[in-house]
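Each chain, written out:
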Amino acid sequence: MINKAIFLWSVGLTFDFLDELVFQPIWVGIYIEDISRTIGMLVTGFGLFLVLSDLAKTREQLEEELKTDVLTKAYNRRYFYHYVQQNQDRPFSIVIVDIDHFKAINDEYGHDVGDQVLVDFVLQCHKALEQTILFARIGGEEFALYVPTDDRVILSQTCQQLLCMASNVLVTPSKTLSVSVGSAIKRTTETFSNTMKRADQALYLAKNQGRSRYIHNP
């Protein structure tokens, strides 16, 4: 469309230039020169507007793809760390979730089933979790949450909710999913990496104590 519009604009400019060199009938100036130039300008402007709109949409899509995990559409590890680094000026907690026996699921039922389990779990979390909570996939079967609170009761409710959401995911018609959960509330003088480490330690204890449970690192 833009190419045709530029052509019309060029036709108008060409006749305008020729008007300085040779005599042209009035109708040429009105119907060819002015109309071609006006239509060409208007259509070119509209075409450029559409192109810029498409570029803006493409940029937004690329930015979103850089932030999200390809398979599950959860936020990815890179964006999670960036987000937390930018939001450390208020109280928050870190939760780490690990799907129990995920390797066994892949080995016994196949990677297609394993992938679907990941997708279904993320879908459950997106539906149920508060919008203020940032939920991300930070590893193969490992997820992390940024919870903007230092209230132990609210944090505990969120973590118990994760256990329930996992049980809603079917691995097979007769087998449901389970997860292990660890959490830590950021201390005043503590770095983000140390909070992550303490949440990971809590997760490790949950897995060692039999999985399918939640442990908080005070």
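Residues numbered from 1 in each chain as written. Predicted model: local features only at pLDDT ≥ 70, side-chain atom pairs only at ≥ 80, totals over all residues. Heavy atoms only, no water.

Peer 1: Lay out the overall build of the protein chain with the relevant residues and their values.
Peer 2: The helix and strand tally for the protein chain stands at 7 helices and 8 strands. In the protein chain, which comprises 218 residues, the share counted as buried stands at 39%. Of the contacts made within the protein chain by residues no fewer than 6 positions apart, 67% connect residues no fewer than 24 positions apart. When the accessible area of the protein chain is evaluated, it comes to approximately 13,100 Å², of which 57% is carbon and sulfur surface. (Helix = DSSP H or I, 4+ residues; strand = E, 2+ residues; numbered from the N terminus. Buried < 20%, exposed > 50% of the residue type's maximum accessible area, 1.4 Å probe, protein only. Contact = heavy atoms within 4.5 Å. Areas by Shrake-Rupley, 256 points an atom, 1.4 Å probe, with all protein chains shown as cover.)

Peer 1: Tell me about the environment of Lys186, residues and numbers included.
Peer 2: On the secondary structure map, Lys186 appears in the loop between strand E7 (179–185) and helix H7 (192–208). The buried category is assigned to Lys186, whose relative accessible area is 19%. Through-space distance from the C-alpha of Lys186 to that of Asp150 is 7.4 Å; in sequence the pair is 36 residues apart. Setting aside residues up to four positions removed in sequence, Lys186 forms contacts with Gln88, Phe92, Ser93, Thr195 and Arg198. In this structure the side chain of Lys186 is engaged in a polar contact, spanning 2.7 Å, whose partner is the backbone oxygen of Glu190. (Polar contact = N/O pair within 3.5 Å; in protein donor to acceptor, adjacent residues only side chain to side chain.)

Peer 1: Explain the pattern of salt bridges to me, using residue names and the numbers behind them.
Peer 2: Going through the model one piece at a time under the given rule, you end up with 4 salt bridges. Among the ionic pairs, Asp69 bridges to Arg137, the shortest N-O distance being 3.1 Å. One end of the pair, Asp69, is in the loop between helix H2 (26–67) and strand E1 (75–76); the other, Arg137, is in strand E3 (residues 134–137), with 68 residues separating them in the sequence. Summarising the burial analysis for this pair, Asp69 and Arg137 share the class buried. (Salt bridge = Lys/Arg side-chain N within 4 Å of Asp/Glu carboxyl O.)

Peer 1: Describe in detail the packing of aromatic side chains, supporting the description with residues and values.
Peer 2: Taken as a whole and judged by the stated rule, the model has 10 aromatic pairs. Ring centres of Tyr81 and Phe192 lie 5.3 Å apart, and the angle between their planes is 65°; this geometry places the pair in the edge-to-face category. Separated by 111 residues along the polypeptide, Tyr81 in helix H3 (residues 77–86) and Phe192 in helix H7 bring together distant segments of the chain. Take Phe192: its relative accessible area is 3%, and that puts it in the buried class. Here the aromatic cluster, defined as three or more aromatic residues joined through ring pairs, consists of Tyr75, Tyr79, Tyr83, Phe92 and Tyr146. (Phe/Tyr/Trp six-rings, centres within 6.5 Å; stacked < 30°, edge-to-face > 60°.)

Peer 1: Requested: an account of the confidence of the model for the protein chain, with residues and values cited.
Peer 2: Across the protein chain, the average pLDDT comes to 82, with 70% of residues at or above 70. Note on residues 5–9: pLDDT is under 50 here. Beyond four places in sequence and across chains, it has 13 contacts. Counting contacts from residues 15–33, a segment whose pLDDT is below 50, to residues more than four positions away or on other chains yields 18 contacts. (pLDDT = per-residue confidence, 0-100.)

Peer 1: Requested: an account of the environment of Asp200, with residues and values cited.
Peer 2: By the secondary structure assignment, Asp200 is in helix H7. Expressed as a C-alpha distance, the spacing of Asp200 and Asp98, which sit 102 residues apart in the sequence, is 9.9 Å. In this view, Asp200 contacts Ile96 and Glu142; residues no more than four positions away in its chain are not counted.

Peer 1: Could you give me a rundown of the sheet that holds E7, with the residues and numbers involved?
Peer 2: With mixed pairing, 6 strands are arranged side by side in an open sheet as E1-E3-E4-E2-E7-E8. One side of each edge strand has no neighbouring strand; the edge strands of this open sheet are E1 and strand E8 (214–217). Where E3 meets strand E4 (residues 142–147), 4 bridges bridge the pair, whose relative direction is antiparallel. Bridge pairing links Ala136 to Ala144 in E4. Along the sheet, helix H5 (residues 111–128) makes contact with strand E2 (93–99), E3, E4 and E7, crossing E3 at roughly 175°. (Pairing = 2+ DSSP bridges. Axes fitted to C-alpha atoms, helices over the stretch in contact; angles between N-to-C directions.)

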